[in-house]
Amino acid sequence: MIVLSGGGAAWGLPEISPFVTKTEIHLRMAGLDYSKRQAHPDESPKGQIPFIDDGGRLIGDSTFIRFHIEGEYGVDLDGDLTPFGRATAMAIEMMCEHELAPAVGYFRWLTPENFERGPGMWFNDAPAEMRAELKRGLQDEVRKVMIARGIARHSEAEIVGLAVRSLKALEVFLDKKPFLMGDEPCGADAFVFATLAAAMTPYFQSPLRDEAVKFPTLVAYVTRMFDRFYPDFEWDAGITEIKRAA
Ligand SMILES: N[C@@H](CCC(=O)N[C@@H](CS)C(=O)NCC(=O)O)C(=O)O
């Protein structure tokens, strides 16, 4: 059986990492049996989660895991799509990966209150005298990565602006379709959903979350994906009122 290594459920989500969520949904789309364990990125062949162990073969990176699932088990997660549809779905996924997901990550990691409620909690069992330094060390590492990627060079307002551009594009693209490319989910739905759910979880407060939950089409899409792929998970977007400027 395939063993999926990820971050685990927390923060109002069935899995804290959108990339691990993507792989988990791909495994579910493919109808493959798997078990899941929590792992540190250092255990992975690529130094990041997700990675899978398939009969002793370790495969890292959600896209290479997808290639493995499709190649090894004869499934095509975009089987219903035309070549144009496949290219479009890939472009939408890339938009989320390179613009929306980094913005979500920024507010998780570099907003002091969210860091304390989120990644900072990983150090709760560390000796009290070392805790602050360990937390600072991890946050500094992540900040360096985010500066290198560019996202942490922008003001918060600019980051939200970039994210809202993606949210608007997703809303227009989804339109009245239940899933990204039509009546059934395709491979790209996995990561798009994972990123939106991570943006909307009420566990973290941020100006990006405030904007994301103002898109009823996207809120409904996230609920639909939860119903399809995590039917036992109690998703609560914590939305009592949707206010959106015209
Ligand atoms: N390209 C990778 C990205 C995975 C990724 O960014 N994983 C993060 C967790 S969401 C991670 O392991 N970060 C730890 C690190 O980079 O050291 C994929 O698609 O799997």
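Further up the page is the structure itself.
The following refers to the structure shown. (Residues numbered from 1 in each chain as written. Predicted model: local features only at pLDDT ≥ 70, side-chain atom pairs only at ≥ 80, totals over all residues.)

**Focus on the overall build of the protein chain**
- Assigned secondary structure in the protein chain consists of nine helices and four strands.
- Listing every helix and strand of the protein chain by position from the N terminus yields β-α-β-β-β-α-α-α-α-α-α-α-α.
- Radius of gyration (C-alpha) of the protein chain: 18 Å, near the 18 Å computed for a compact globule of 246 residues.
- Structurally, the protein chain occupies a C-alpha span of about 55 × 55 × 35 Å along its principal axes.
- Counting every position in the protein chain, which comprises 246 residues, the buried fraction comes to 36%. (Helix = DSSP H or I, 4+ residues; strand = E, 2+ residues; numbered from the N terminus. Rg over C-alpha atoms; globule rule 2.2 N^0.38 Å. Buried ≥ 20, exposed ≤ 12 C-beta atoms within 10 Å, placed from the backbone.)

**Observations regarding the site of the ligand**
- Lining the immediate environment of the ligand, one finds S17, F19, P41, G47, Q48, I49, P50, D61, S62 and T63.
- Tallied by class, residues from the shell around the ligand come to four nonpolar, five polar and one charged. (Near = placed C-beta within 6 Å. Nonpolar A, V, L, I, M, F, W, Y, C, P; charged D, E, K, R; others polar.)

**Things to note about unusual backbone geometry**
- Of note, the bond from I49 into P50 is cis; its omega dihedral lies within 30 degrees of zero at 10 degrees.
- Topologically, P50 is positioned in the loop between β2 (34–38) and β3 (51–54).
- The phi dihedral of W11 is positive, around 60 degrees, even though this residue is not glycine.
- When you line up the elements, W11 lands in the loop between β1 (2–6) and α1 (18–29).
- Of note, D175 is a non-glycine position whose phi angle comes to about 50 degrees, a positive value.
- With respect to the helices and strands, D175 occurs in the loop between α6 (156–174) and α7 (187–200).

**Here we look at the nonpolar core**
- Within the largest apolar cluster, 47 residues are counted, with the highest numbers of intra-cluster contacts made by V192, L196 and A212.
- The dominant element in this core, judged by the number of residues it contributes, is α7, at 11 residues.
- Contact partners of L196, with chain neighbours within four places excluded, come to A212, L218 and V222.
- Counting residues in hydrophobic clusters, the runner-up holds 11 residues, among them L4, F19, V20 and I65. (Core = buried A, V, L, I, M, F, W, Y, C linked by C-beta atoms within 7 Å. Contact = placed C-beta atoms within 7 Å.)

**Looking at the packing of α7 against helix α9 (residues 216–229)**
- Remark: α7 packs on α9, axes separated minimally by 10 Å, with the N-to-C direction vectors making an angle of 115 degrees. It follows from the interaxial angle that α7 and α9 lie roughly perpendicular. In this structure, α7 meets α9 at a crossing whose hand is left-handed. In this structure, α7 contributes D189, F193, L196, A197 and M200 to the contact, and α9 contributes L218, V219, V222 and M225.
- A breakdown of the residues in the contact of α7 with α9 according to their chemical character gives eight nonpolar, no polar and one charged. (Axes fitted to C-alpha atoms, helices over the stretch in contact; angles between N-to-C directions. Parallel < 35°, antiparallel > 145°, perpendicular 65-115°, else oblique. Left-handed = near helix turned anticlockwise from the far one by under 90°.)

**Points about the environment of A91**
- Relative to the helices and strands, A91 is located in helix α3 (residues 83–109).
- Given 11 C-beta atoms within a 10 Å radius, A91 is considered exposed.
- As a C-alpha pair, A91 and L196 span 105 residues in sequence and 16 Å in three-dimensional space.

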